[in-house]
Amino acid sequence: MSRQDRADAVDREMAARLLPGVALEALGRWWRGNAVWLADGTPGAHTVRYSPSRWAQIAPWPSALAPVTQAGDADISRAQVALIVAEALRREDYREALVATYVWGKGKSGSPGGSGPATLHKILTADDLDMVLARAVTALSEHSAEAAYATLQDRIAWFGPSFYTKFLYFAGKTVPPSAGPGPLILDRVLARRLRSLAQAVGRETGHDPDGSVALWVWREWNWSPHRYAVYLSFMYAAARQAAAMGTWPSDTASDLLEYALFSTGWQ
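Residues numbered from 1 in each chain as written. Predicted model: local features only at pLDDT ≥ 70, side-chain atom pairs only at ≥ 80, totals over all residues. Heavy atoms only, no water.

Undergrad: Where do I start with the packing of helix α3 (residues 78–90) against helix α4 (residues 94–106) in this structure?
TA: To characterise two packed helices, one gives the angle between the axes of the helices and the distance between these axes. The interhelical angle for the contact between α3 and α4, taken along N-to-C directions, is 170°, at an axis separation of 8 Å. Judged on the interaxial angle alone, α4 and α3 are roughly antiparallel. Between α3, through R78, V81, I84, V85, A88 and L89, and α4, the contact on the second element is made entirely by Y94, E96, A97, A100, T101 and W104. Residue composition of the contact of α3 with α4, grouped by class: nine nonpolar, one polar and two charged. (Axes fitted to C-alpha atoms, helices over the stretch in contact; angles between N-to-C directions. Helix = DSSP H or I, 4+ residues; strand = E, 2+ residues; numbered from the N terminus. Parallel < 35°, antiparallel > 145°, perpendicular 65-115°, else oblique. Contact = heavy atoms within 4.5 Å. Nonpolar A, V, L, I, M, F, W, Y, C, P; charged D, E, K, R; others polar.)

Undergrad: Just checking my understanding: could you explain the side chain of Q241 for this structure?
TA: Residue placement: Q241 occurs in helix α11 (residues 225–244). Residue classification places Q241 among the buried residues on the basis of a relative accessible area of 16%. Beyond its immediate chain neighbours, meaning those up to four positions away, Q241 contacts R17, L18, L19 and L24. (Buried < 20%, exposed > 50% of the residue type's maximum accessible area, 1.4 Å probe, protein only.)

Undergrad: Quick question: what am I supposed to make of the packing of aromatic side chains here?
TA: Each pair of aromatic rings is reported with the distance of its centres and the angle of its planes. Summed over all chains, the structure comprises 12 aromatic pairs. For the pair F159 and Y164, a centre-to-centre distance of 5.6 Å together with 80° between the ring planes defines the contact as edge-to-face. You can call F159 buried: its relative accessible area is 4%. Residue Y164 is classed as buried on the basis of its relative accessible area, which comes to 1%. Its guanidinium or amino end placed over the ring of W216, R3 lies 3.8 Å from that ring's centre, counting from NZ or CZ. For the cation-ring pair, R227 lies above W218, with the distance from its terminal atom to the ring centre recorded as 4.8 Å. (Phe/Tyr/Trp six-rings, centres within 6.5 Å; stacked < 30°, edge-to-face > 60°. Lys NZ or Arg CZ within 6 Å of the ring centre and 35° of its normal.)

Listed below in structure tokens is the structure:
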């Protein structure tokens, strides 16, 4: 079997098995500890802190964010970002939508030494940024999350999948895909969670005894569009699995599952 054949075999086995019992138990504990805070069964209340003044060089700056002249920190939740992105997309202001998702994604702890604002400034200088983002939203609405992901891959310097999947995730709240599951955030933390699971399955089945195939497909960054589609399919199926086991609030709470797996592991 080729390396890709072995990867496909592990993917099929993962799709059949989904989450192991230990993961379902961990998710149940996580949900019981967060059910009051996330009472609507979504991660909308998931809030990050950021320092507005550190983003003073960034434009356009969404008016719903704290002004960059504000001293100290401010908070922004997923629900608030979704509203900002919805309004920005209504005006076809793709840059403003991107800024809101990027600030939320970086927060305060994620931009040491100004790396967050500095990197976003570089992204915003790309001449074809508006065209690329517009094409991604169109691909999402007319095709699928996988197609939208493919339009963004390796198109804009400094703009990698950990952040353009955030853009797609929030855009998908307003512009759902024509086919397939809605977009979810995929970053290196979540890739590591899936890699660990894939390595366990690979060892048990003999398809990937040393874990090298899982390390290849669930690498740290720049996942293929196919890998993103595999991730979405797994996450949506796992949310249904957890709900059926009674450990999860809803069989549609796939983005809540993404947040939970990011926040806590089961290893």
